[in-house]
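Notes for the structure review
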Amino acid sequence: MGKETIVVRVEISTLLGQHGKISPGKMDRLAKVITNLHNSGKHVLVVTSGAIILGAEKLKLQNLPDTLVEMQATAAVGQAELIRWYQRSFDEYSQIVAQVLLTSDIIGYPQRVKNTRNTFNTLLNMSIIPIINENDPVSSSDIEYDDNYPLALMVAKIAQANFIVIKMETNGKYMIVPGGSFKAVVVDGETELQEKLESICNVMIPRDTAVELQFPSSIGEIVF
Amino acid sequence: MDYREVLKNKKRIVVKIGTSSLSYPNGRMNFHSIEKLAYVLSAVRRRGVQVILVTSGAIGIGAGRLGITRRPQELAKKQALAAVGQAELMKIYQKFFDGYNQTVAQVLLTKDVVTIPVLNRNAGRTLHKLLDMDIIPIINENDTIATYEIVFGDNDTLSAIVASLVEADLLVMLSDIDGLYSADPRTEATAEIIHSVLEITPELEQLASGAGSSFSTGGMVTKISAAKICLRSRIDCIIASGTDPAIIFDLLAGKEIGTHFVASQKKAVRHV
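Read on for a plain summary of the structure.

Turning our attention to the overall build of chain B. From N to C terminus, chain B includes 10 helices and eight strands. Scored against the burial criterion, the 272 residues of chain B give a buried share of 59%. Partitioning the contacts of chain B with sequence separation of at least 6, the portion at a separation of at least 24 is 77%. If you sum the accessible surface of chain B, you get close to 11,000 Å²; carbon and sulfur atoms cover 51% of it.

Rendered as structure tokens:
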């Protein structure tokens, strides 16, 4: 049996410090946690947002852009900054990352899904962590309004992932929810998270064991 | 007639740079060339000329990052190296352009921007917006999902498509091909560069596709086909050596270097 494949969705807000700038400390912890997950023998793919916020910072904009074309232009500037942060932070842990930009329409083109899956598999087999974002400059569908939830799900489908980490906290807490069948694992014996999940799904969850959970609504609404 | 005179007044140019101009023959990055390119393009931009850079090099740089010495043959491997190398490539461009206080943006395109109207519109609008903001967009093929550049050539076609998309008035293709020759310069002592091409005739294409003229990885054939796309859109197009990026200053000063595919002076028509 192959390695377990995990898609980790990173919200840029969890990486920001004071004044809305990327916190090097939080970025460092994220790189450590994810590299460690990878080192433990799992295939890890990261879906990240943040291109617009970083672009706005680079361009010294007072406010975030509000028209589509401004957001796209800002994202084109910011994506380059974003991937630079990932490179730098993962470098500290001797981990190589790759940038993959996707548009949501590829799911309708079997050849592209196949190309993308092949690229993912090749990267993962080379021990490289793909850092994935929406290709905002050319697409108009997501543009980070929805914090990349649909993108994370799409990536999970393409990569045939076993789990999606819906929300990654830089203190190392995380919750994993599978893409298709609603199974979840609480790792590190996170009591708070465990209780939260138990209350959401109305079941008892043993630690470090996958259990079948019925989430009452779309997984996008689960926060902890 | 001096066809080069028009090049002095270009306002929006696309510069395409090939892998051979960004790296040494051993595959390692040539930081000197890349920094010089950043300097030249920043200077040109500051003169009021809008600049778009179409760059190759992601696969080679990815291989270098991973310590792979042989260029992989397998497509998925190339795509994986491109995903690693594109991030590295942008990091280097950012660093050098930052040094000249010039903001850059990364735009990864698939060739289907041409055939899918909504992508075309989005990509075109984003690029125009970036130019309005005095940013230099740096464009490459989105290798992960598409396979065009990897399979067919060295971004020559993509650069012509971009030139059409942004309604540029000049495309400069810099590579290890310094121009179109009248014969194979390696074997014919009398071979000389054709400086001006008014029309791409079947004879000319024959010349380009002949064994003698395919003396590079990108090849002359893809450059001629890029020039054709440009001429259809009434965009001047130049093939010149990328050894020293400062050649762009000379080209924009109207100096007779490389091969100039002369666009008709008639009203521009877009073909994308």
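Now for the pattern of salt bridges. Counted by the stated rule, this structure contains 18 salt bridges over all chains. K42 of chain A is the partner of E4 of chain A in a salt bridge, and the nearest nitrogen-oxygen pair spans 3.8 Å. One end of the pair, E4 of chain A, is in the segment before β1 (5-10); the other, K42 of chain A, is in the loop between α1 (24-39) and β2 (43-48), with 38 residues separating them in the sequence. Since its relative accessible area comes to 24%, K42 of chain A is described here as partly exposed. Here E88 of chain B and R65 of chain B are joined by a salt bridge, their closest N and O atoms 3.1 Å apart. Note that E88 of chain B is positioned in helix α4 (residues 75-99) and R65 of chain B in helix α3 (residues 58-65), a separation of 23 residues in sequence. Its relative accessible area of 12% is what places E88 of chain B among the buried residues. On the accessibility criterion, R65 of chain B (29% relative accessible area) is partly exposed. Here the salt bridges share partners, and the residues they tie into one network are K58, E81 and R84 of chain A together with D98 of chain B.

On to helix α4 (residues 110-125) of chain A, then. Taking 1.5 Å of rise per residue, 16 residues should cover 22 Å, and α4 of chain A covers 22 Å from first to last C-alpha, within 8% of that figure. Of the residues making up α4 of chain A, those classed as buried are R112, V113, N115, T116, T119, F120, T122, L123 and L124 of chain A. As for α4 of chain A, its buried residues are in contact with β2, β3 (97-102), β4 (129-134) and α5 (149-158) of chain A together with α4 of chain B. Just past α4 of chain A, the residue S127 of chain A takes up positive phi, approximately 65 degrees.

This next bit is on the environment of I61 of chain B. Residue and element names in this part refer to chain B. By the secondary structure assignment, I61 is in helix α3. As a C-alpha pair, I61 and M29 span 32 residues in sequence and 6.9 Å in three-dimensional space. When sequence neighbours within four positions are dropped, the list of residues in contact with I61 reads M29, G85, E88 and L89.

Each partner contributes to the interface: chain B provides 41 residues, whereas chain A provides 40 residues. Together chain B and chain A conceal approximately 3,400 Å² of surface at their shared face, both sides included; 58% is due to carbon and sulfur atoms. Counting the contacts that link chain B with chain A gives four salt bridges. Of the charged contacts in the structure, one is a salt bridge between D98 of chain B and K58 of chain A, with a shortest N-O distance of 2.8 Å. Between the two partners, chain B and chain A, sit 15 residue pairs in polar contact (both at pLDDT 80 or more). Of all elements in the fold, only α4, β3 (104-109) and α5 (117-132) of chain B reach the threshold of two or more residues within the side of chain B that touches chain A. Of all the elements, α4 of chain B adds the most residues to the side of chain B that touches chain A, at 15 residues.

For the rest of this paragraph, the subject is the pairing of strand β4 (residues 136-141) of chain B. All names here are of chain B. The buried fraction of β4 amounts to six of the six residues, a majority that puts the element mostly inside the structure. Relative to β4, strand β2 (residues 50-55) runs parallel, the two being bridged by two bridges. Paired with L53 across the two strands is I138, which belongs to β4. Pairing of β3 with β4, which is carried by six bridges, proceeds in the parallel orientation. Among the inter-strand pairings, A105 is bridged to a residue of β4, identified as P137.

Once that is clear, we can look at the side chain of R12 of chain B. All names here are of chain B. Take R12: it is sitting in strand β1 (residues 12-17). E167 provides the closest opposite charge to the buried, unpaired R12, separated from it by 4.8 Å. Of note is the side chain of R12, whose polar atom sits 3.3 Å from the side chain of H128. In this structure the side chain of R12 is engaged in a polar contact, spanning 2.7 Å, whose partner is the backbone oxygen of V166. Leaving out residues up to four positions away in the same chain, R12 has contacts with V49, Q50, H128, L131, V166, E167, A168, D169 and L170.

Residue and element names in this part refer to chain B. The buried count for helix α7 (residues 156-165) comes to 10 of 10 residues, which makes it a mostly enclosed element. All of the buried residues along α7 are D156, T157, L158, S159, A160, I161, V162, A163, S164 and L165. One or two steps after α7, the chain reaches E167, where phi turns positive at roughly 55 degrees.

Applying the stated criterion to the full structure yields five aromatic pairs over all chains. Consider the rings of Y39 of chain B and Y100 of chain B, whose centres lie 5.6 Å apart with planes at 55 degrees: the pair is tilted. Here Y39 of chain B is found in helix α2 (residues 31-46), whereas its partner Y100 of chain B is found in the loop between α4 and β3, with 61 residues between them in sequence. Given the relative accessible area of 38%, Y39 of chain B is considered partly exposed. What makes Y100 of chain B partly exposed here is its relative accessible area of 26%. An angle of 75 degrees between the planes, with centres 6.1 Å apart, marks the rings of Y39 of chain B and F249 of chain B as edge-to-face. Placement of Y39 of chain B in helix α2 and of F249 of chain B in helix α10 (residues 247-252) is noted, with a sequence separation of 210 residues between them. An aromatic cluster of three or more residues is present, and its members are Y39, Y100 and F249 of chain B. A cation over a ring is seen here: R112 of chain A above Y109 of chain A, with NZ or CZ 5.7 Å from the ring centre.

Criteria and thresholds
- Residues numbered from 1 in each chain as written.
- Chains lettered and ligands numbered in written order.
- Predicted model: local features only at pLDDT ≥ 70, side-chain atom pairs only at ≥ 80, totals over all residues.
- Heavy atoms only, no water.
- Helix = DSSP H or I, 4+ residues; strand = E, 2+ residues; numbered from the N terminus.
- Buried < 20%, exposed > 50% of the residue type's maximum accessible area, 1.4 Å probe, protein only.
- Contact = heavy atoms within 4.5 Å.
- Areas by Shrake-Rupley, 256 points an atom, 1.4 Å probe, with all protein chains shown as cover.
- Salt bridge = Lys/Arg side-chain N within 4 Å of Asp/Glu carboxyl O.
- Expected span 1.5 Å × (residues − 1).
- Buried area = accessible area lost by both parts, 1.4 Å probe.
- Polar contact = N/O pair within 3.5 Å; in protein donor to acceptor, adjacent residues only side chain to side chain.
- Pairing = 2+ DSSP bridges.
- Lys, Arg positive; Asp, Glu negative; His and termini not counted.
- Phe/Tyr/Trp six-rings, centres within 6.5 Å; stacked < 30°, edge-to-face > 60°.
- Lys NZ or Arg CZ within 6 Å of the ring centre and 35° of its normal.

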